[in-house]
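Here is how the chains run, residue by residue.
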Amino acid sequence: MKKLLGLVAILAFSVASYAQTGPKIEFKAKDNTIDYGTVNRDSDNGIRTFEFTNTGDAPLIITHVQSTCGCTVPTKPTEPILPGKTGKIEVKYNMNPGKISKTITVESNAVNYEGGKVALRIKGEVIVKEEKNVLQKEKVGPQS
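Residues numbered from 1 in each chain as written. Predicted model: local features only at pLDDT ≥ 70, side-chain atom pairs only at ≥ 80, totals over all residues. Heavy atoms only, no water.

It is not clear to me how the side chain of Ser 67 should be interpreted in this structure. Could you clarify?
Looking at the element boundaries, Ser 67 is found in strand S4 (residues 62-67). Judged by its relative accessible area of 15%, Ser 67 is buried. At a separation of 3.1 Å, a polar atom in the side chain of Ser 67 contacts the main-chain carbonyl oxygen of Cys 69. In this structure the side chain of Ser 67 is engaged in a polar contact, spanning 3.4 Å, whose partner is the backbone oxygen of Thr 72. Aside from chain neighbours lying at most four places away, what touches Ser 67 is Thr 72, Pro 74, Thr 103 and Ile 104. (Helix = DSSP H or I, 4+ residues; strand = E, 2+ residues; numbered from the N terminus. Buried < 20%, exposed > 50% of the residue type's maximum accessible area, 1.4 Å probe, protein only. Polar contact = N/O pair within 3.5 Å; in protein donor to acceptor, adjacent residues only side chain to side chain. Contact = heavy atoms within 4.5 Å.)

So this is what it looks like as structure tokens:
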């Protein structure tokens, strides 16, 4: 009976340690979020980059990257990311004026996220700079 219990314990430990091997994805952005802050529509191209590292021991393959709407277009690496190497996911927001709050879902073979799915977020606000028309008269307060 003791031998059987010992064998089961060794087998369970082996399975647990095996489950932790493989590719792992770690993003550089805090909380997997990029904050645009308050940006001017005319002076910002809307492109931001999520950098990540494969901290695992096998090649990391990004299989799919998708945004929650058409106003945000992500691009993914086409080649596997080797252990210890870094990769990038570029996100281009269309810079519509207003608040930014979008989610990008990354699907991969990473073992450190359930199903290999990671949610990335962008947030901020896009403003349109008001241009002053030099030909237009300024309103002046009531005349006395």
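Sorry, what's going on with the side chain of Arg 48 here?
Secondary-structure assignment places Arg 48 in strand S3 (residues 47-54). Overall, Arg 48 belongs to the buried group, its relative accessible area being 18%. One polar contact links Arg 48 to Asp 44, side chain to side chain, over a distance of 2.8 Å.

Could you clarify how one ought to interpret the environment of Glu 125 in this entry?
Tracing the backbone shows Glu 125 in strand S8 (residues 117-127). The exposure class of Glu 125 is partly exposed, given its relative accessible area of 27%. Taking the C-alpha atoms as reference, Glu 125 lies 9.5 Å from Arg 41; in sequence the two are 84 residues apart. Apart from residues lying up to four places away in sequence, Glu 125 is in contact with Gly 37, Thr 38, Val 39, Gly 98, Lys 99 and Ile 100.

Where do I start with the nonpolar core in this structure?
Taken as a class, soluble globular proteins show a tendency for nonpolar side chains to be buried jointly. The biggest cluster of nonpolar side chains holds 25 residues, and the ones touching the most others in it are Phe 50 and Ile 122. For this core, the secondary structure elements donating two or more residues are strand S1 (25-27), strand S2 (33-40), S3, S4, strand S6 (86-93), strand S7 (98-108) and S8. Ranked by the residues each element gives to this core, the list is headed by S8, at 4 residues. Each residue touching Ile 122, except ones within four places of it in the same chain, is listed here: Ile 34, Tyr 36, Phe 50, Thr 72, Val 91, Tyr 93, Ile 100, Ser 101, Lys 102 and Ile 104. (Core = buried A, V, L, I, M, F, W, Y, C linked by side-chain atoms within 4.5 Å.)

Looking at this model, I keep getting lost on the pattern of salt bridges. Mind explaining?
Side-chain pairs of opposite charge can arise where the charged atoms are in close proximity. Tallying each qualifying case throughout the model produces 3 salt bridges. Lys 28 serves as the salt-bridge partner of Glu 51, at 4.0 Å between the closest nitrogen and oxygen. Remark: Lys 28 occurs in the loop between S1 and S2 and Glu 51 occurs in strand S3; sequence separation between them is 23 residues. Put simply, Arg 48 and Asp 44 hold a salt bridge, and the shortest N to O gap is 2.8 Å. (Salt bridge = Lys/Arg side-chain N within 4 Å of Asp/Glu carboxyl O.)

Sorry, what's going on with the confidence of the model for the chain here?
Regions with low pLDDT should not have their predicted coordinates read in detail. Residues of the chain with pLDDT of at least 70 account for 76%, and the chain-wide mean is 86. Mean pLDDT in the chain bottoms out at helix H1 (residues 2-19), which sits at 51, and peaks at S3, which reaches 98. (pLDDT = per-residue confidence, 0-100.)

What is the right way to look at the packing of aromatic side chains in this model?
In this description, an aromatic ring pair is defined by two values, namely the gap between the centres and the angle between the planes. Counted by the stated rule, this structure contains 3 aromatic pairs. Here Phe 27 and Phe 50 contribute two aromatic rings whose centre-to-centre distance is 6.4 Å and whose plane-to-plane angle is 90°, an arrangement assigned as edge-to-face. Of the two residues, Phe 27 is situated in strand S1 and Phe 50 in strand S3; the sequence distance between them amounts to 23 residues. By the burial criterion, Phe 27 is buried, and Phe 50 matches it. Put simply, the rings of Phe 27, Phe 50 and Phe 52 pair up and form one aromatic cluster. Over the aromatic face of Tyr 36 sits the side chain of Arg 48, whose NZ or CZ is 4.0 Å from the ring centroid. (Phe/Tyr/Trp six-rings, centres within 6.5 Å; stacked < 30°, edge-to-face > 60°. Lys NZ or Arg CZ within 6 Å of the ring centre and 35° of its normal.)

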